[in-house]
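An overview of the molecular structure
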Amino acid sequence: MMQTYPGRKNVVSIFTHQKANTKENVRVNPLHTTPPVRKERISDEPENRSTLATADFDIRDNGPLVQGFTFPLKTRTEVERLEDAIHLDNNIRSQYINFLTKRKPKSTSVQHFLSHVFSDEALTAYNFHGSNTSGRAKIPMKTYSVFFDCFLEAYERHGLTDMELQSQLTAAIKYSRNRMRQRSFRARKNQLADSMPFWKKQIRELCKGFKFAQNPNIVEIRTIKQMLRSMDIRFFELQGINPRKPLTISGFPMPLQCEEDIERLELMVKRNPKIRQQYIEFLRCRKALSADISECFSNFFSDEAMVNYSWPMTDTCKMPRKQMNKYQIFTVCMLDIIIPDNSPNEVVGFRFPLSCPEDIERLEFAVQTDATVRAQYINFLATKKSPEEGVSKCFEHVFSHLSLYNYCLFKQEATDSGKKLMTEYDIFTECMLEAWRSHGLTKENLLYEQQLALDAALEHRKQSIYKRQQRSKTIQNMLRQLIPKSTK
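Presented here is a report on the structure given in the accompanying data block. (Residues numbered from 1 in each chain as written. Predicted model: local features only at pLDDT ≥ 70, side-chain atom pairs only at ≥ 80, totals over all residues. Heavy atoms only, no water.)

**Quick notes on the packing of aromatic side chains**
Note the following rule: The pairing test for Phe, Tyr and Trp rings, Trp by its six-membered ring, is centres within 6.5 Å, and the orientation test on the planes gives stacked under 30 degrees, edge-to-face over 60, and tilted for anything in between. To qualify as a helix, a DSSP run of H or I must reach at least 4 residues; to qualify as a strand, a run of E must reach at least 2; elements of each kind are numbered from the N terminus. A 1.4 Å probe rolled over the protein chains alone gives each residue an accessible area, and that area as a share of the maximum for its type sets the label: buried under 20%, exposed over 50%, partly exposed in between. Placement of a positive charge over a ring is assigned whenever Lys NZ or Arg CZ falls within 6 Å of the ring centre and within 35 degrees of the normal to the ring plane.
This model, assessed by the stated rule, comprises 23 aromatic pairs. With a centroid separation of 5.6 Å and 85° between ring planes, the pair formed by tyrosine 309 and tyrosine 327 is classed as edge-to-face. In this pair, tyrosine 309 sits in strand 3 (residues 309-310) while tyrosine 327 sits in the loop between strand 4 (322-323) and helix 13 (332-336), placing the two residues 18 residues apart along the sequence. Owing to a relative accessible area of 4%, tyrosine 309 belongs among the buried residues under this scheme. Judged by centre distance (5.3 Å) and plane angle (45°), the ring pair of phenylalanine 395 and phenylalanine 399 falls under tilted. Taking relative accessible area as the criterion, phenylalanine 399 reaches 1% and is therefore assigned buried. An aromatic cluster of at least three residues, connected via ring pairs, comprises Phe297, Phe301, Tyr309, Tyr327 and Phe330. In this arrangement the basic side chain of lysine 104 is found over the ring face of tyrosine 155, its NZ or CZ atom lying 5.1 Å from the centre.

Structure below.
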């Protein structure tokens, strides 16, 4: 390597004669492992470029390689093949030791670096001693050069000893098993969570237009509900939750019965981490997977306790009420128990199109306080509009006509009618601009399209009122025609 740098001799000459001789010996000594690896890597570089490209972590063009192997190793077969190659070919052994030496950062321990060499799936058949409490024998890592001898040779100059390597390999296997269990648990949990909205939608469609007792689909509805209950039981088992186990929050009888208890709980949740954790755990254990927050709200707060609380909006009650969006027990803590959906078409805790002004206010608060909900909402908007489609056309996918009745775009109208300005809401302005900026949307175009959407919502509400009036008149006429016949 020293020959490749012009003027290197002048730099070396300033050192002592002994140091210069040492460097020269390292450079020409045929027994030194590093130069042969570098020469072979350069000569085999065209063959191994595909191996570089498929590595799961960054290996630069001048990084160490092991001929015929791509890291991390994915299966037990690859581990066994590398072990055999190390015993049969000293060149492969030198390449592997050089790979371990060069690729591990100094600040990284062996137990954390091992996942860059072997995948979790490749390590399932191994542990350090070869014993297993479940009765199924494991292969002892201490008898394999790929796990023990080569690691010791690579890191012995860093002070790694036999006992320390044993401890770190044992810890690495423990972390590997935990990662696999977590992946398996998340996969099963997400599978249940992903199928739940479909079945709930099926129930809503089957119930549409019928009273429950007169519904011809009642058998199918009951079958789906029984399946949902089974999914809830399975979900609780995966979470390690016993829904029948009595849970308490220190100093609070649940459900809360009065306004004073709500205020006291909010204060303690902010001040005491233990009470906060107990409250979140109570919510988690008392909410089934198939149930929305609104369906199990009575498990947490009684109707009498909620009399003086509401979500911020134009309240029809003359008495002022407290705004729920300012309480952590109604917002942040409840968001912690909702399972995030991996689909880009969903926003945690919201069902679109939003059906009422309360949902709009709740979404605005969540977008301003939670970066995850904000990102989910922007992704949701991006999926609801094609580049050629106008914003006003896709507005109905996000907001129902009824939910927009209390909002306007101009200050004068807001002053006269008491409506709220949409331009002061991130969900109507910044989020939409960010979601559809690639479509060439500007603030002026957005304002124009929103006005079209508001006009369409107003027209739809007028038609709905007109149709209801016409239905009422028709029913009244039918009753007038029936009354004389009944009296006769």
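After presenting the structure, the write-up continues.
**Some remarks on the environment of alanine 435**
Put simply, the rule is: By the convention used here, residues are in contact when the closest approach between their heavy atoms is within 4.5 Å.
Relative to the helices and strands, alanine 435 resides in helix 18 (residues 430-435). By relative accessible area, which is 9% here, alanine 435 ends up buried. Residues alanine 435 and isoleucine 378, 57 residues apart in the sequence, show an inter-C-alpha distance of 5.3 Å. Setting aside residues no more than four positions away along its own chain, alanine 435 makes contact with Ile378, Leu381 and Ala382.

**Regarding the pattern of salt bridges**
Here is the rule we go by: Each salt bridge in this description consists of a side-chain nitrogen of Lys or Arg and a carboxyl oxygen of Asp or Glu lying within 4 Å of one another.
If you walk through the whole model with that rule in mind, you get ten salt bridges. Two residues, glutamate 281 and arginine 284, come together in a salt bridge whose shortest N-O distance is 2.7 Å. Taken together, the residues span about one helical turn, with glutamate 281 and arginine 284 both in helix 12 (residues 273-286) at a distance of three residues. Classification of glutamate 281 as partly exposed rests on a relative accessible area of 26%. With a shortest N-O distance of 3.1 Å, arginine 374 and glutamate 430 are connected by a salt bridge. Of the two residues, arginine 374 is situated in helix 15 (residues 371-383) and glutamate 430 in helix 18; the sequence distance between them amounts to 56 residues. Taken together, the shared-partner salt bridges in this structure form one network comprising Glu259, Glu263 and Lys322.

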